[in-house]
Amino acid sequence: MKQIAVIGAGTMGNGIAHVFAQHGYSVNLIDINDAALNKGLGTISRNLDRMIAKEKISQAEKDETLARIGRFTSLAEGVKGVQLVVEAATEKVSLKLEIFKELDALCPPDTILATNTSSISITQIAAVTQYPERVIGMHFMNPVPIMKLVEVIRGYNTSDDVLQTTMELSAKVSKIPTEVNDYPGFIANRILMPMINEAIESLYQSVAGVEEIDTVMKLGMAHPMGPLQLADFIGLDVCLSILNVMYEGFKNPKYAPCLLLVNMVTAGKLGVKSGEGFYDYSESRKAERVAKQFQS
């Protein structure tokens with residue numbers, strides 16, 4: 001396996017493309033327009049610069065990595081001749097089903113079709129294809145170049161060969177693959193999202209403030225980041241989407257999203273990506289924080 005396509009140049013997609021290209025694979029990065037591709041490649045370039053600054057790679061290695069990434073706005077052209085497609089589009093069921101229908105028609109039967117979904121059923125996605133045995137989940141963690149885990153999710157019809165190949169490939173790009181079965185939220189989000197939701201519920205009930213809740217979890221539970229800050233980093237809309245998938249899948253009220261989360265997403269307060277969530281990430285606040293650092 002030498003040629004890989006990644007669908008989506010956003011946060012997850014550009015990270016996945018970065019990792020494969022850095023490990024010697026030719027990557028076709030696919031998105032709907034050049035602006036999205038340029039933004040994704042800009043992120044990859046900046047992340048590689050950080051690795052140079054930390055003396056983890058050389059300038060030549062950065063140049064070689066970027067040279068391995070091709071840009072495509074056509075799905076048909078982007079998946080031509082590849083052995084693996086990793087879909088990392090927006091976390092919407094209808095969109096993923098549409099993409100996989102197209103991939104099924106465009107790719108030969110021996111091409112592995114993987115999705116980076118964090119909660120949507122692999123079996124449901126595979127069901128719209130003629131060869132469901134080749135569909136699998138590859139749930140990378142964010143930020144992809146740093147986080148080691150890949151949840152490898154086996155759908156109801158995923159073949160042993162596809163599972164084994166995906167596990168081996170994940171290891172070849174310096175990840176630690178962990179096999180998981182196909183149930184709502186898989187393992188990572190089935191455990192993480194209820195914790196985040198409970199933190200939001202605690203804030204909603206005025207048990208404690210934002211910083212106090214995060215401090216308790218960081219200092220008391222040795223979490224590197226508090227649950228509310230983590231929710232901002234993930235995206236509150238993504239958290240809400242995952243909770244809804246689990247709530248609908250299990251029909252269990254313990255997965256019902258907190259009303260505060262619902263209202264914040266409705267109001268457009270999505271976390272880091274929108275500039276405000278449980279914390280303020282606006283440019284004015286950034287400038288204020290920088291000024292305080294110099295003052296101290």
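Each remark here, short or long, concerns the structure printed above.
Conventions and cut-offs
Residues numbered from 1 in each chain as written. Predicted model: local features only at pLDDT ≥ 70, side-chain atom pairs only at ≥ 80, totals over all residues. Heavy atoms only, no water. Buried < 20%, exposed > 50% of the residue type's maximum accessible area, 1.4 Å probe, protein only. Helix = DSSP H or I, 4+ residues; strand = E, 2+ residues; numbered from the N terminus. Pairing = 2+ DSSP bridges. Contact = heavy atoms within 4.5 Å. Polar contact = N/O pair within 3.5 Å; in protein donor to acceptor, adjacent residues only side chain to side chain. Expected span 1.5 Å × (residues − 1). Arc of directions from axis to C-beta. Axes fitted to C-alpha atoms, helices over the stretch in contact; angles between N-to-C directions.

## Section: the pairing of strand 6 (residues 135–140)
Point 1. The buried fraction of strand 6 is high, at six of six residues.
Point 2. Of the two faces of strand 6, the one carrying Val 135, Gly 137 and His 139 and the one carrying Ile 136, Met 138 and Phe 140 are both buried.
Point 3. Across three bridges, strand 5 (residues 112–115) lies against strand 6 in parallel orientation. If you follow Thr 115 over to strand 6, its bridge partner there is Gly 137.
Point 4. Where strand 6 lies against strand 7 (residues 149–154), five bridges are found, and the strand directions are antiparallel.

## Considerations on the environment of Leu 228
Point 1. Along the polypeptide, Leu 228 turns up in helix 10 (residues 227–234).
Point 2. Between the C-alpha atoms of Leu 228 and Asn 189, which are 39 residues apart in sequence, the distance is 15 Å.
Point 3. Once you skip the residues sitting within four places of it in the chain, Leu 228 turns out to touch Ala 199, Ile 200, Leu 203, Val 210, Ile 213, Asp 214, Phe 278 and Tyr 279.

## Quick word on the side chain of His 139
Point 1. You can see His 139 is positioned in strand 6.
Point 2. Reaching out from His 139, the side chain makes a polar contact with the side chain of Glu 151 at a distance of 2.7 Å.
Point 3. Beyond its immediate stretch of four places on either side in the chain, His 139 contacts Thr 115, Asn 116, Thr 117, Ser 118, Leu 149, Val 150, Glu 151, Ile 153, Ala 188 and Asn 189.

## Describing helix 1 (residues 11–22)
Point 1. Helix length check: helix 1, at twelve residues, gives a terminal C-alpha distance of 17 Å against a target of 16 Å (1.5 Å per residue), a fit within 8%.
Point 2. Regarding helix 1, the residues found buried are Met 12, Gly 13, Asn 14, Gly 15, Ile 16, Ala 17, His 18, Val 19, Phe 20 and Ala 21.
Point 3. The positive-phi residue at the C-terminal boundary of helix 1 is Gly 24, with phi of around 95°.

## What about helix 2 (residues 34–53)?
Point 1. The end-to-end C-alpha distance of helix 2, which contains 20 residues, comes to 28 Å, matching closely the 28 Å that a straight helix rising 1.5 Å per residue would cover.
Point 2. By the burial criterion, the buried members of helix 2 are Leu 37, Gly 40, Leu 41, Ile 44, Ser 45, Leu 48 and Met 51. On an axial view of helix 2, the arc spanned by its buried residues comes to 140°, and they lie on one face. Within helix 2, the exposed residues directed more than 90 degrees away from the buried face are Ala 35, Lys 39 and Ala 53.
Point 3. Tucked inside the fold, the buried residues of helix 2 contact helix 1, strand 2 (26–30), helix 3 (59–67) and strand 3 (69–72).

## Things to note about the sheet that holds strand 5
Sheets are built from strands that pair by backbone hydrogen bonding, the pairs being arranged parallel or antiparallel.
Point 1. Strand order in the open sheet made by the eight strands is 3-2-1-4-5-6-7-8, with mixed pairing throughout. The open sheet has two edge strands with one neighbour each: strand 3 and strand 8 (176–181). Strand-to-strand twist of the sheet, defined as the mean angle between neighbouring strand axes without regard to direction, takes the value 25°.
Point 2. Sheet topology note: the strand 1 (residues 3–7)/strand 4 (residues 84–87) ladder contains four bridges and is parallel. Opposite Ala 5, over in strand 4, you have Val 85 as the bridge partner.
Point 3. The sheet strands contacting helix 2 are strand 2 and strand 3, and the helix crosses strand 3 at an angle near 160°.

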